[in-house]
Structure formats: C-alpha cells, structure tokens
Amino acid sequence: TLVLSYVEIEDVAGNYQHYALEPGTESGAPLQVPDYKLNVVHIPITVGTQSGKLTAGTAGSASFAINTANIATPSAITLVNVNSITGIALATASLTKQDMDITITTTADTPAGTHLLQLTIGNVTSLEFTLTVDNAAAGGGGSSGGCSSGGNSGGSSGGGSSGNTNTTPTSPDTNTDTASGGGTSTATITADTSVSGGEATAAISDSEISDSIAAVKKEAGDKGTTPVVEIKLDTKSADSAKLNLTVGAVEDLTDANAKLKVNMSDLGTLTFDSKALEAISADESTASAPVTITAEKLMRADLPEALQNAVKPTDVLLDFSVKAGDKTISNLNGGTVDVTVPYTVSSAVKPATVVVYYLDAKGNLQIVLGRYDDASKTVHMTLKHFSKYLIRVNAVAWEVTDGGWYTEETMDFAAARGLLDSYITDGKVKAGQGVTRGDFIANLLKALGVQPSETFTVEQFTDVDPTDPNAAYLRTAKQLGVIDGVNSAHTLFEPYRVTTRGEQFQVIMNLIDAGLTTAARSDATNKTLDDFADAADVPNWLKPAITELIRLGVIKGDGTSLMVKKDFTVGETATLYERLG
C-alpha cells in the first residue's frame, strides 16, 4: 500500500471537499481557519498482487498493478529491496499515468522465498509488499524434457507428466520423534504428478497403500514406533495440488492405526493422525468412493468480498480441504492434521510474532495452534478442522513498566496473539500484575486454538457475567473438563479473582488428561513433592496433580520452592501460553 496525501476541508455544516497535494506533503496537526477545519490526511494507494510466476535458478519478471489516482503529476519511481535480496530490480523507471503496471525482474541468482519490497514515488514510501519466488522444480535433470506417460521406472521425469505410477514403496525409514516420546517408521510412495494450468494432481492406488502399510507395520512392530505412510508429490511451481485416493485406502490406514503424510512440496506437508483419517471415511460406506486432499495458495481476490477486509497484502493465504465422495469434510471429530508450510521472513522479524489464523464465516480471524521455525524457514500449525488459513507477522508494541518477571520472547508471542490485550494499555504492561481466573482460562484456550463450543451440555457458572467476552470460553472449558466450580454444587468459578500458581498447575494437568496438549510434557525426573521446601503449602486437592507434574518434569518451581499460593502474573502466563501454544 502506497501512502500519498490530499487536503480534506470540512465546512461548518460537516461537508467535505478534497484537493490533491504533491507527493511528500508532510502530515501535521489540524489547522484552524475561519469556518473551516483543515487537515492533511493520508489516502492509501494500492499495490496489487503479483502477476507472473518466478522460479529460483531462472531469470524472470512479474508485474504489479498500482493505483496512483491521487498523484497530481507523473513522478519518478524507485524500488526499495528491504532485505537486499540478490537480483531483484525494478524495470519501470517512472509513472506515466495515474494507473499503470510496474515490472520487477529477477536473475538466476535470486533465491526462493517471499521477499519484502517497498516503492517510493517522489518523497513518499509505500508500506511493504511481497514478491514470491518459487523453488526450482525437483527432478527433471536427467531427462530430455517433454512429457512422459504410464509408469515411472526409477527416476523423476522432466517437464509435465501424465498417468499414474505403480511405485513400489521404499524400505521404511525410522525417525525418532522426541517431542512425543516415541518414534515413527515411514514407508514412502513417490507419486507420478501431473502439472497443468497451475494445478498439480496425483492418484495413488489401493494396492500401493496396502503394500506400504504391510511394509511399515512390521518395522513399527519391531521397534515399537508409529507407522506412517508418506506420499510425495512434485508440485513444481503449481498454486494448488490434489491427491486422489479411495475411502478404502483411508480405512486401511485407520485400521492399521497409521498416520498419512502428504508432502506437497512448496504447498505444504499435511500429516493426518488416525482419528482424522477415521473422520474422513466415517460417513462414506463405499470403499471405492474417491477421497481428494487439496492444498491451494490463494489471493485476496479469491475470497468472498465479506472476507477480503481481514486480509493484508503481506499475508500468506492457504486453503486446505478434503472431500470423501460428494461430502466436504470440515470437522475432524477430535483428530488433528499437522501442517508444515515453507515461509520466509526478514531478519528484522521476531519469530514469535508470526501468527497463524483461520478465517471464520464472518470474516473474523481466529488463532490457530502454530508457530514459525526460523531454522527450517517453515510455519508449523495443528489443524482441528479444514478452512482457509492465514499466516501473518503481527508484532505488537509493549513496554514493561514494573519489576515483574518476564521474558521478551514469550511476551512477544502472547502479545502478537492478543492474549495480553486486557493487560496492555497504550503499549504499557505490568509483568508482575496478577491475572484473573477468567482471563487466564479464556486466553489459554485461545493459545491452544480451542474455539468456544456452539452447543453446550453443561450450565454456565452463575457468577460469570453473560456479557463477559470470556463467558463462552469458560463454559467451553467447563464442558471439556478443564475447569470446575469452586463450590460443592459446581456453580461458582470466581472468574474475576486473581488466579494462583497452584490453580494453574491443576489446569495444566486437566489439559493433559483431556488430551488438549502434549506440549507440557517434558523429561521425567526422580523428584517428588517432598523435595520442595514449601511442600506443606500444597493443599490436598492439588497434591495428585502436582505430584504427577513433578514426576513428568513439567513444573520445577525455582528449583527449591513451588510457590503454589503466589499470584500468577502476566509474565508467567505469557510463558505458559508460549510453552503450550
């Protein structure tokens, strides 16, 4: 978005007149003149989306439409290469009319990624927009180009391909998954992928799936690991990819308690757990019915108009979907799909400020359990349903004004996700301030990507204000078994009282028991409750949970004390949100 200026004149009757200014006019305080109020206002001038695909290793060009309706005269235009990426240049030297296209070129040395750029016109600099350069197509190096059809006898074919291959699964590779405390054994199928019109497609036969399951189940049984069948698609520079298999193949994976990993190159890798696979085939009894898994990059213009306002020019927009027969699958019935998507940010961006959202039907952004990994240049997200997803850098300014404990990374994480909104005022926050029970629970569910239930089987706590923004989250948490009442009738929660460390320890144990998080698990220890100096302060109702959390290594206090009666502060909650989210 390019920002230029104009004069807005408001008369005493509230009517407005606009007069264009030259680029670079300074914005200042309103000037009072007789019968008029004079303001210098900024008008957004749009930089459109990229037209033309660019590929690393090959010189190319892409165009952007810019609307310069508020420029009084043609002006020189220059490109600001924000991160000094090699080979990016502007082919358009000046604006010759108010609406026009500009051309940006790349060289063979320009790396793949989403690169931040700005434009200057006169003295005015635009906000950042992005230029996308795709990875070079894999394979194809040893072929004569052109198209291949039928089977693939050992190598990748160059150019486009048609038909499907009866690829024999490779011997399973065993990986250690330290996060889950176990391991995986993987059988890999390399699918013969056809790319046409920006869409990659591949189909896998039932026999390929069953052969892979047979191979990987023995490996998993011998080593006590989780079986995984991975299907790899070479999507090249496609904007969308579709994998076709059958309900019968999905049922075979479910029966084997196996995971399905679909690697769609630059479009992302989706790993379906057995519950998610069961949800896909649950309502379709015909084994031969098709199952289609789709991943697609979207532009803002691809969305319904009601949703477009929620999207910024620098956002990455993705759509993941599954169809079984004629039915579109949205709810995974407690299953999850782990998604990893290539994503690059500038060195100035703090990784904790990269946030994943999904767009709900009303155009609202809802937090998704996810984060950016700077080492692998990917975003990882855990999906509990299928929708349109958005990746955004959402840095929120904050400054701690007291001596309370905090860490910068976890405060950045929580602030970027709106989890500290109730405690940040004009960019100022007290890290040592106590957090209320209601705020803690609502924001904890948000950090975990848990949205309020649409239907309830439990009554709301009677001391929760119906107009409280946290109300639906508290009732949802009660329904999930995460919280209970503070009285024998389970009708009171005391949502507006500051929570304690001991209370949040119990909540963490409840989350683990409910299967809502595994992130809190750590390395088991030999410590017991008696190893802490303040063990006598732990009430009887808390002892079972805190004993188990100590054994799991989840909580360690300050090394000598647990401080269960101490208020749970903003700084401490930010750390917990980051750890669980």
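Residues numbered from 1 in each chain as written. Predicted model: local features only at pLDDT ≥ 70, side-chain atom pairs only at ≥ 80, totals over all residues. Heavy atoms only, no water.

### What about the overall build of the protein?
Thinking step 1. Scanning the protein from terminus to terminus reveals 10 helices and 32 strands.
Thinking step 2. Restricting the contact set of the protein to residue pairs at least 6 apart, pairs at least 24 apart contribute 68%.
Thinking step 3. As displayed, the protein offers around 27,000 Å² of accessible surface, 49% of which is attributable to carbon and sulfur atoms. (Helix = DSSP H or I, 4+ residues; strand = E, 2+ residues; numbered from the N terminus. Contact = heavy atoms within 4.5 Å. Areas by Shrake-Rupley, 256 points an atom, 1.4 Å probe, with all protein chains shown as cover.)

### Focus: the side chain of glutamine 506
Thinking step 1. Tracing the sequence through the fold places glutamine 506 in helix α8 (residues 501-513).
Thinking step 2. On the basis of relative accessibility, which here comes to 19%, the residue glutamine 506 falls in the buried class.
Thinking step 3. Dropping the residues within four chain positions of it, glutamine 506 is found in contact with Trp541, Leu542 and Ala545. (Buried < 20%, exposed > 50% of the residue type's maximum accessible area, 1.4 Å probe, protein only.)

### Details of the confidence of the model for the protein
Thinking step 1. Confidence in the prediction of the protein, expressed as mean pLDDT, is 81, and 79% of residues score 70 or more.
Thinking step 2. Within the protein, the element-level pLDDT minimum falls on strand β13 (residues 173-177), averaging 38, and the maximum on strand β19 (residues 259-263), averaging 97.
Thinking step 3. A low-confidence stretch, residues 22-44 stays under pLDDT 50, and its non-local contacts, those more than four residues away or across chains, total 52 contacts.
Thinking step 4. Ignoring residues within four places in sequence, the model shows residues 137-181, a span with pLDDT below 50, making 70 contacts including any to other chains. (pLDDT = per-residue confidence, 0-100.)

### A few points about the environment of histidine 385
Thinking step 1. Take histidine 385: it is sitting in the loop between β28 (378-383) and β29 (388-393).
Thinking step 2. Placed 50 residues apart in sequence, histidine 385 and glycine 335 show a C-alpha to C-alpha distance of 8.5 Å.
Thinking step 3. Those residues within four positions of histidine 385 in sequence are excluded, and the remaining contacts are Ser330, Leu332 and Tyr358.

### Quick notes on the sheet that holds strand β32 (residues 428-429)
Strand pairing in a sheet takes place through backbone hydrogen bonds and is either antiparallel or parallel in direction.
Thinking step 1. Taken in spatial order, the 3 strands make up an open sheet running β30-β32-β31, and their pairing is mixed. The outermost strands of the open sheet, each flanked by one partner alone, are β30 (399-400) and β31 (424-425).
Thinking step 2. Bridge count for β30 against β32 is 2 bridges, and the pairing is parallel. Its bridge partner lying in β32, valine 400 is registered against valine 429. (Pairing = 2+ DSSP bridges.)

### Remarks on the pattern of salt bridges
Thinking step 1. Summed over the entire model, instances satisfying the criterion amount to 19 salt bridges.
Thinking step 2. When the shortest N-O distance is used, the salt bridge between aspartate 315 and arginine 392 registers 2.7 Å. Here aspartate 315, found in the loop between α4 (305-308) and β22 (316-324), pairs with arginine 392, found in strand β29; they are 77 residues apart in sequence, far enough to count as distant. For the pair aspartate 315 and arginine 392, a shared accessibility class is recorded, and that class is buried.
Thinking step 3. In this structure, glutamate 503 and arginine 437 form a salt bridge, with 3.1 Å as the shortest nitrogen-oxygen distance. Highlighted residues: glutamate 503 in helix α8 and arginine 437 in helix α6 (residues 437-447), separated in sequence by 66 residues.
Thinking step 4. Residue classification places arginine 437 among the buried positions, given a relative accessible area of 7%.
Thinking step 5. Where salt bridges share partners, they join Arg437, Glu494, Arg497 and Glu503 into one cluster. (Salt bridge = Lys/Arg side-chain N within 4 Å of Asp/Glu carboxyl O.)

### Observations concerning the packing of aromatic side chains
Thinking step 1. Counted under the stated rule, the structure contains 8 aromatic pairs.
Thinking step 2. With 6.4 Å between their ring centres and 20° between their planes, phenylalanine 440 and tyrosine 577 make a pair best called stacked. Of the two residues, phenylalanine 440 sits in helix α6 while tyrosine 577 sits in helix α10 (residues 570-580), which places them 137 residues apart along the sequence. An identical accessibility class is assigned to phenylalanine 440 and tyrosine 577; each is buried.
Thinking step 3. Ring pairs connect the aromatic residues Phe320, Tyr358 and Tyr389, which therefore count as one cluster. (Phe/Tyr/Trp six-rings, centres within 6.5 Å; stacked < 30°, edge-to-face > 60°.)

### Here we look at the pairing of strand β21 (residues 290-298)
Thinking step 1. As defined by bridge partners, strand β18 (residues 240-246) adjoins β21 across 7 bridges and the pair is classed as antiparallel. Within β21, the residue paired with threonine 246 across the bridge is proline 290.
Thinking step 2. As paired strands, β21 and β22 are joined by 8 bridges and run antiparallel to one another. Residue pairing in the sheet places alanine 295 in a bridge with phenylalanine 320 of β22.

### Digging into the packing of α8 against helix α9 (residues 543-552)
Thinking step 1. Two numbers describe how α8 lies on α9: the axes approach to 9 Å, and their chain directions differ by 75°. By the angle between their directions, the pair α8 and α9 is classed as roughly perpendicular. Contacts between α8 and α9 involve Phe505, Gln506, Ile508, Met509 and Ile512 from the former and Ala545, Ile546, Glu548 and Leu549 from the latter.
Thinking step 2. Partitioned by chemical class, the residues of the contact of α8 with α9 number 7 nonpolar, 1 polar and 1 charged. (Axes fitted to C-alpha atoms, helices over the stretch in contact; angles between N-to-C directions. Parallel < 35°, antiparallel > 145°, perpendicular 65-115°, else oblique. Nonpolar A, V, L, I, M, F, W, Y, C, P; charged D, E, K, R; others polar.)

### Examining the nonpolar core
Thinking step 1. The biggest cluster of nonpolar side chains holds 68 residues, and the ones touching the most others in it are Phe440, Ile483, Ile546 and Leu562.
Thinking step 2. Among the elements of the structure, β25 (354-359), α5 (408-416), α6, α7 (471-480), α8, α9 and α10 are those that each provide at least two residues to this core.
Thinking step 3. Ignoring any residue separated from it by four or fewer positions in sequence, one finds phenylalanine 440 in contact with Val435, Thr499, Gln504, Val507, Phe568, Thr573, Leu576 and Tyr577.
Thinking step 4. Listed in part, the 59 residues of the second largest apolar core include Ala241, Leu267, Val322 and Val368. (Core = buried A, V, L, I, M, F, W, Y, C linked by side-chain atoms within 4.5 Å.)

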